[in-house]
Amino acid sequence: MKRKRESIDGFELIRDEHPASRAEVCFLRWSEGRSANSLALMTDFQVHETATDGTIGTVHHGSVDGSAWTLWLPRDPERYTLDEYGRPGPDRAPAPGWSVGIESGKVRVSSVARVDQPGGHAGQLLFPFVRLADPEGAHFRALTEWSEAERRTYRVSEWFEASSLASIWDYLIDGDVYDPRASDTTGGRFKCQQCACAWGYYLESLGRSTGKGLYAVIRDEVAGSILLDLDQDGGWYHGSWWETMETHARFHLDGVDLFISQHELSGGEVWLEGARRGMGYVLAHLTDTLDDGSLWFLHDTMEAHQDHRVETRWFGRSPGNSLCLNTHLQALKVAYRLQKVDPDADKAAHRDAYRQGMDALRRVLEHQ
């Protein structure tokens, strides 16, 4: 995935190109009162067929200079408020006074009326759209013909729910994947690799069962968005339960897990390199060496420098190590998967970390 950013008359456009599938996933953003009145998204687009419903939005199949394309407009422009970190809040509403239409071959987002917001506060208006090269019309059919499995609702706790492919736009906002829950401190939603991983499994499963290539396009978009958000040091930072931008290990490990799956599906080296970087951060910042030399994986980076409420120093743990079992097990699973797909595993620290982590697990379980 190649990400390009453009600024056009006050509109900010993110265009994620997927060359192998000849697809573009785009995110348009602008501020109320600070942009031109309209922007053309496509020109010379001759529409041949259109489908609209309340779930999937609007889908056009047409041509540009003789080449067939499908244009997916999953929802109308929406208004968000952002927190101090630029993250969207949990609430959204239709963008007042804005619409998307096609006239004389131009797909255009336009202001149809000026609407002043109470108190004079300017919100951020966001609009996603997808362009797909579609010579056989397969993508158009994929978006308009649904199997029973595609119409089911899938849930994981309170942080993942998908009732169709269109549910992805509740999570994939302005080029990033966000948890539906908001931060207790800032009111903004936090970027969520756990949600991205769940979406990866959902999209992979439905792609296999339906044979629709569109699921692979969106899966690559989800994985690519969190890869681009991976810090130079290999970390993701959440700030979800604390004002400090800590790293929550379970979210982080799910991101690495998604990269491993992407590498298994595509063989792409970029995914393996992302998994190595992400696991390298875990080993550098989210581990605690016990008194026998074995290794315990921490629940978050706060445990590395804050004391835990239980003062007993079992197994020589550091003061902040809560010995959280589910996080440790997840880290072992991800380390095991990584060493299985990594041709350089014999030279990699994650191989030794897996062995040392298993030693710590056996010791703690035998103590029970």
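Look up: the structure comes first, before these words.
Let me begin by describing the structure that accompanies this report. As a convention, each chain's residues are numbered from 1 in the sequence order in which they are written. Given that this is a predicted model, residues contribute local features only at a pLDDT of at least 70 and side-chain atom pairs are listed and counted only at 80 or more, while totals for whole chains, interfaces and linings are drawn from all residues. In computing side-chain values, all of the structure's heavy atoms are included and hydrogens and water are not.

## As for the overall build of the protein
Argument step 1. Summing up its helical and strand segments, the protein has eight helices and 19 strands in all.
Argument step 2. C-alpha atoms define the radius of gyration in this analysis, and the globule rule sets the expected value at 2.2 Å times the number of residues to the power 0.38. On C-alpha atoms alone, the protein measures out to a radius of gyration of 23 Å, which is about the 21 Å that the 2.2 N^0.38 rule sets for 368 residues.
Argument step 3. Seen through its principal axes, the protein has C-alpha atoms that stretch 75 × 50 × 35 Å.
Argument step 4. The proportion of buried residues among the 368 residues of the protein is 53%.
Argument step 5. Computed with the Shrake-Rupley method and a 1.4 Å probe, the accessible areas treat only the protein chains shown as cover for residues. With the model as given, the accessible surface of the protein reaches about 17000 Å², and the carbon-plus-sulfur share is 45%.
Argument step 6. For the purpose of charge, His is not counted, nor are the chain termini; Lys and Arg are scored as positive and Asp and Glu as negative. A charge is said to be at NZ when it belongs to Lys, at CZ for Arg, at CG for Asp and at CD for Glu. Taking the average place of the 40 positive charges on the side chains of the protein and the average place of its 56 negative ones, the gap between the two points comes to 2 Å. Only DSSP runs of H or I covering at least 4 residues are called helices, and only runs of E covering at least 2 are called strands; the numbering of each starts at the N terminus. Classification of residues uses two cut-offs on accessible area relative to the type maximum, computed with a 1.4 Å probe and protein chains only: under 20% is buried, over 50% is exposed, and between them is partly exposed.

## Here we look at the state of the cysteines
Two cysteines whose sulfur atoms are joined by a covalent bond form what is called a disulfide.
Argument step 1. Cysteine sulfur atoms that pair up within 2.5 Å are treated as a disulfide. This model, assessed by the stated rule, comprises zero disulfides.
Argument step 2. With no disulfide of its own, cysteine 197 lies 9.7 Å from the sulfur of cysteine 192, the closest cysteine sulfur.
Argument step 3. Given a relative accessible area of 3%, cysteine 197 falls into the buried group.
Argument step 4. Among the cysteines around cysteine 324, which has no disulfide bond, cysteine 192 carries the closest sulfur, lying 16 Å off.

## Regarding the packing of helix H7 (residues 325–341) against helix H8 (residues 349–367)
Argument step 1. It is at 9 Å that the axes of H7 and H8 come closest, and there the two elements cross at 145 degrees. Viewed along their axes, H7 and H8 form a crossing whose handedness is left-handed. Residues Leu325, His328, Leu329, Leu332, Ala335, Tyr336, Leu338 and Gln339 of H7 lie in contact with H8, whose contacting residues are His350, Arg351, Tyr354, Gly357, Met358, Ala360 and Leu361.
Argument step 2. Note that Gly is not counted as nonpolar here; it falls among the polar residues with everything else outside the nonpolar set of Ala, Val, Leu, Ile, Met, Phe, Trp, Tyr, Cys and Pro and the charged set of Asp, Glu, Lys and Arg. In terms of residue class, the contact of H7 with H8 is built from 10 nonpolar, four polar and one charged. Each axis is a line fitted through C-alpha atoms, taken for helices only over the stretch in contact, and angles between the N-to-C directions span 0 to 180 degrees. We call a crossing left-handed when the near helix sits turned anticlockwise from the far one by less than a right angle, and right-handed when that turn is clockwise. For this analysis, residues touch if any pair of their heavy atoms sits within 4.5 Å.

## Observations concerning helix H6 (residues 269–285)
The periodicity of an α-helix, 3.6 residues per turn, causes residues three or four places apart in sequence to face the same way.
Argument step 1. If you check H6, its first and last C-alpha atoms are 24 Å apart, about what 17 residues at 1.5 Å a residue would give, namely 24 Å.
Argument step 2. Taken residue by residue, H6 has Trp271, Leu272, Gly274, Ala275, Gly278, Met279, Tyr281 and Val282 as its buried positions.
Argument step 3. Turning to H6, the residues buried within the fold contact helix H4 (214–229), helix H5 (249–266), strand S18 (287–289), strand S19 (295–297), H7 and H8. For a helix, the expected span equals 1.5 Å multiplied by the number of residues minus one.

## With respect to H4
Argument step 1. Compared with an ideal rise of 1.5 Å per residue, which puts 16 residues at 22 Å, H4 spans 23 Å between its outermost C-alpha atoms and is within 8% of the ideal.
Argument step 2. With 12 of its 16 residues buried, H4 lies for the most part within the structure.

## Thoughts on the sheet that holds strand S15 (residues 172–173)
Argument step 1. With respect to topology, three strands assemble into an open sheet ordered S15-S16-S17, the strand pairing being antiparallel. Because the sheet does not close on itself, it has two edges, and the strands there are S15 and strand S17 (189–191).
Argument step 2. Strands were regarded as paired on the criterion that DSSP finds at least two bridges between them. Bridge count between strand S16 (residues 176–182) and S17: two bridges; the pairing is antiparallel. Looking across to S17, one finds that alanine 182 is bridged to arginine 189.
Argument step 3. Lying over the sheet, H4 contacts S15, S16 and S17, oriented at roughly 90 degrees with respect to S16.

## Let's talk about the packing of aromatic side chains
Argument step 1. Any Phe, Tyr or Trp ring, taking Trp's six-membered ring, that has another such ring centre within 6.5 Å forms a pair; planes under 30 degrees apart are called stacked, those over 60 apart edge-to-face, and the others tilted. Summed over all chains, the structure comprises 17 aromatic pairs.
Argument step 2. Judged by centre distance (5.3 Å) and plane angle (50 degrees), the ring pair of phenylalanine 11 and tryptophan 30 falls under tilted. A residue pair is termed long-range when its members are at least 10 positions apart, and phenylalanine 11 in strand S2 (residues 11–18) and tryptophan 30 in strand S3 (residues 23–31) qualify at 19 residues. This pair shows no difference in class: phenylalanine 11 is buried, exactly as tryptophan 30 is.
Argument step 3. Where tyrosine 154 meets tyrosine 202, the ring centres are 5.4 Å apart and the plane angle is 75 degrees; that geometry is what we call edge-to-face. Placement of tyrosine 154 in strand S13 (residues 154–156) and of tyrosine 202 in helix H3 (residues 193–210) is noted, with a sequence separation of 48 residues between them.
Argument step 4. Through successive ring pairs, a cluster of aromatic residues spans Tyr154, Phe160, Tyr171, Trp199 and Tyr202.
Argument step 5. Two conditions define a charge sitting above a ring: the NZ of Lys or the CZ of Arg must be within 6 Å of the ring centre, and it must be within 35 degrees of the ring normal. One Lys or Arg, lysine 212, reaches over the ring of tryptophan 146 and ends 4.6 Å from the middle of that ring.

## Topic: the environment of tyrosine 201
Argument step 1. Along the chain, the position of tyrosine 201 falls in helix H3.
Argument step 2. Tyrosine 201 sits in the partly exposed class, given a relative accessible area of 40%.
Argument step 3. Filtering out sequence-adjacent residues up to four positions away, tyrosine 201 remains in contact with Asp257, Ser261 and Arg337.

## Considering the pattern of salt bridges
Argument step 1. Between Lys or Arg on one side and Asp or Glu on the other, a salt bridge is scored when a side-chain nitrogen of the former is within 4 Å of a carboxyl oxygen of the latter. On inspection of all chains with the given rule, the structure shows 32 salt bridges.
Argument step 2. Where aspartate 352 meets arginine 351, a salt bridge forms, and the shortest distance between an N and an O atom there is 3.2 Å.

## A closer look at the sheet that holds strand S4 (residues 38–42)
Argument step 1. Taken together, three strands build an open sheet; the order of strands is S4-S11-S10 and the sheet is antiparallel. Two strands close off the open sheet at either side, each with one partner strand: S4 and strand S10 (98–103). Strand-to-strand twist in this sheet, taken as the mean axis angle between neighbours without regard to direction, amounts to 25 degrees.

## Considering the packing of H3 against H4
Argument step 1. One can describe the packing of H3 onto H4 by two numbers: an axis separation of 9 Å at closest approach and a directional angle of 165 degrees. It follows that H3 is roughly antiparallel to H4 by the angle criterion. In this structure, H3 meets H4 at a crossing whose hand is left-handed. Here H3 contributes Gln193, Ala196, Trp199, Gly200, Leu203, Glu204, Leu206, Gly207 and Thr210 to the contact with H4, which in turn contributes Tyr215, Ile218, Arg219, Val222 and Ile226.
Argument step 2. For the contact of H3 with H4, a count of residues per class yields eight nonpolar, four polar and two charged. Note that the term roughly parallel is reserved for angles under 35 degrees, roughly antiparallel for angles over 145, roughly perpendicular for angles of 65 to 115, and oblique for everything else.

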